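Examining the three-dimensional arrangement
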Amino acid sequence: MQSQWRVIDCTDLDGTISYERGHMKVERRGEDEPVLVPLAQTAVVLIGLHVRCSSAVLHEMARAGVSVMLCDWRGVPDAALHSWANVPSEVAARQIAQSGMTLPRRKSAWARIVKAKIRGQAACLDSLGIEGGRILRGIASSVKSGDTANYEGYAAREYWKRIFVGDGKRFKRVSGAGTGRNAQLDYAYMVLRGFAVKAILGAGLIPTLGVNHHGRGNYFCLADDLLEVYRPAIDYWVAQLEPEDRLSDRNVKKYLADSVNQQFDSSGLTIPSSINDFAQCFGLYCEKRIDSLAVPEYQGPYEKR
């Protein structure tokens, strides 16, 4: 990743942040040694609910062009502080590049995302011992720039009619249905989306400017684009549950939340860590620092429960 793009994640910090000679001084409750972080080398700071910080350090962050994200109990940003000072800002530069990205470049990125998602769905079926992976890989190979033929939708129909076939009836994916497999998927996807939101804001990207998703009622279009490739990894773990397992059971909710923290690929990265890297990679793609978008791809589970 870009060396000067440094994200300081203090969402789990129970302690204080103050200013000291060009640095933010981070002190954790109960520990004697503070950590000094150079503001000149920092792009974004994520602050959680148990952090106490001085107005002086916030002022100095603004002067240094550092963006500060205020996060909720999940670690997901719900507000931000950006500098009004006339100083160089990594966030501003990246957002200008993102807003100016050409249509062909966006269409190329979306095609890569769709291909990776469909191949991930094939890997999910393979891992579950269900036929259909070969068909899905064939569909993925047909995806062209922008996926104007909607091969993503074609693959989805083939995928969803197979994945839960053992439940005894044909499954229909309906978001917001509130029961059975749909409820399980909705809950796990909600957790996944929270990590995607955090990743894109931490990468200094504009959440409303999606690659393919768009809509006046959706503030996080870009998150919904980038998380697509991670859905098959979640689907695999949902398939381990029984269709009658309900979200009213705490253990089911914990299982679904834990499924989003599984190892994603052979590099050892968990899903949240992979999303963070993917968001940074997309930022570099927006800035034309890389010519093509490297999209992560699910290849089956790396951890067994």
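Conventions used here
- Counting restarts for each chain, with residues numbered from 1 along the sequence as it is written.
- Whole-chain, interface and lining totals are the exception, using all residues; otherwise, since this is a predicted model, local features are given only for residues with pLDDT of at least 70 and side-chain atom pairs are given and counted only at 80 or more.
- Side-chain metrics rest on all non-hydrogen atoms present in the structure, leaving aside hydrogens and water.
- For two strands to pair, DSSP has to find at least two bridges joining them.
- Elements are defined by DSSP. Helices are runs of H or I of four residues or more, strands are runs of E of two residues or more, and each kind is numbered from the N terminus.
- Working convention: axes come from line fits to C-alpha atoms, limited for helices to the stretch in contact. Angles between N-to-C directions cover 0 to 180 degrees.
- Put simply, angles under 35 degrees are roughly parallel, angles over 145 are roughly antiparallel, angles from 65 to 115 are roughly perpendicular, and the rest are oblique.
- Here, residues are in contact when the closest pair of their heavy atoms is within 4.5 Å.
- Between buried and exposed lies partly exposed: a residue is buried under 20% and exposed over 50% of the maximum accessible area for its type, with that area taken using a 1.4 Å probe on protein chains only.
- Throughout, the arc means that of the directions going from the helix axis to the C-beta atoms.

Time to look at the pairing of strand β4 (residues 35-38). In the sheet, strand β3 (residues 23-28) pairs with β4 via 4 bridges, with the strands oriented antiparallel. From the neighbouring strand, His 23 faces β4, where its bridge partner is Pro 38. Following β3, the chain reverses through 6 residues before pairing antiparallel with β4; Gly 30 in that reversal takes a positive phi of roughly 90°.

Their axes nearest at 9 Å, the elements helix α4 (residues 133-141) and helix α5 (residues 151-163) cross at an angle of 175°. Taken together, the axis directions place α4 and α5 in an arrangement best described as roughly antiparallel. Here α4 contributes Ile 135, Leu 136 and Ile 139 to the contact with α5, which in turn contributes Tyr 151, Tyr 154, Ala 155, Glu 158, Tyr 159 and Arg 162.

Another point: the sheet that holds β4. Strand order in this open sheet of 4 strands is β4-β3-β2-β6, and the pairing throughout is mixed. The open sheet has two edge strands, β4 and β6 (51-53), and neither has a second partner. Each strand axis lies, on average, 25° off the axis of its neighbour in the sheet, ignoring direction. The pairing of strand β2 (residues 15-20) with β3 spans 6 bridges and is antiparallel. Note that in β3 the partner of Gly 15 across the bridge is Arg 28. Against the sheet, helix α1 (residues 55-63) engages β2, β3 and β6, with an angle of about 55° to β2.

Looking only at α1, the buried set comprises Val 57, Glu 60 and Met 61. The arc that holds every buried residue of α1, seen down its axis, measures 105°, which confines them to one face. Away from the buried face of α1 by more than 90 degrees, exposed residues Ser 55 and Arg 63 are located. Next to the buried residues of α1 lie β2, β3, β5 (44-47), β6 and β7 (67-71). Count one or two residues on from α1 and you reach Gly 65, which has phi positive near 80°.

Right, let's talk about unusual backbone geometry for a bit. Phi angles above zero are rare outside glycine, and Arg 21 is one such case at about 50°. Counting through the fold element by element, Arg 21 comes out in the loop between β2 and β3. Even without being a glycine, Asp 147 presents a positive backbone phi close to 45°. Along the chain, the position of Asp 147 falls in the loop between α4 and α5. The exposure class of Asp 147 is buried, given its relative accessible area of 7%.

Such coordinate-based values are descriptive only and should not be taken to indicate function.
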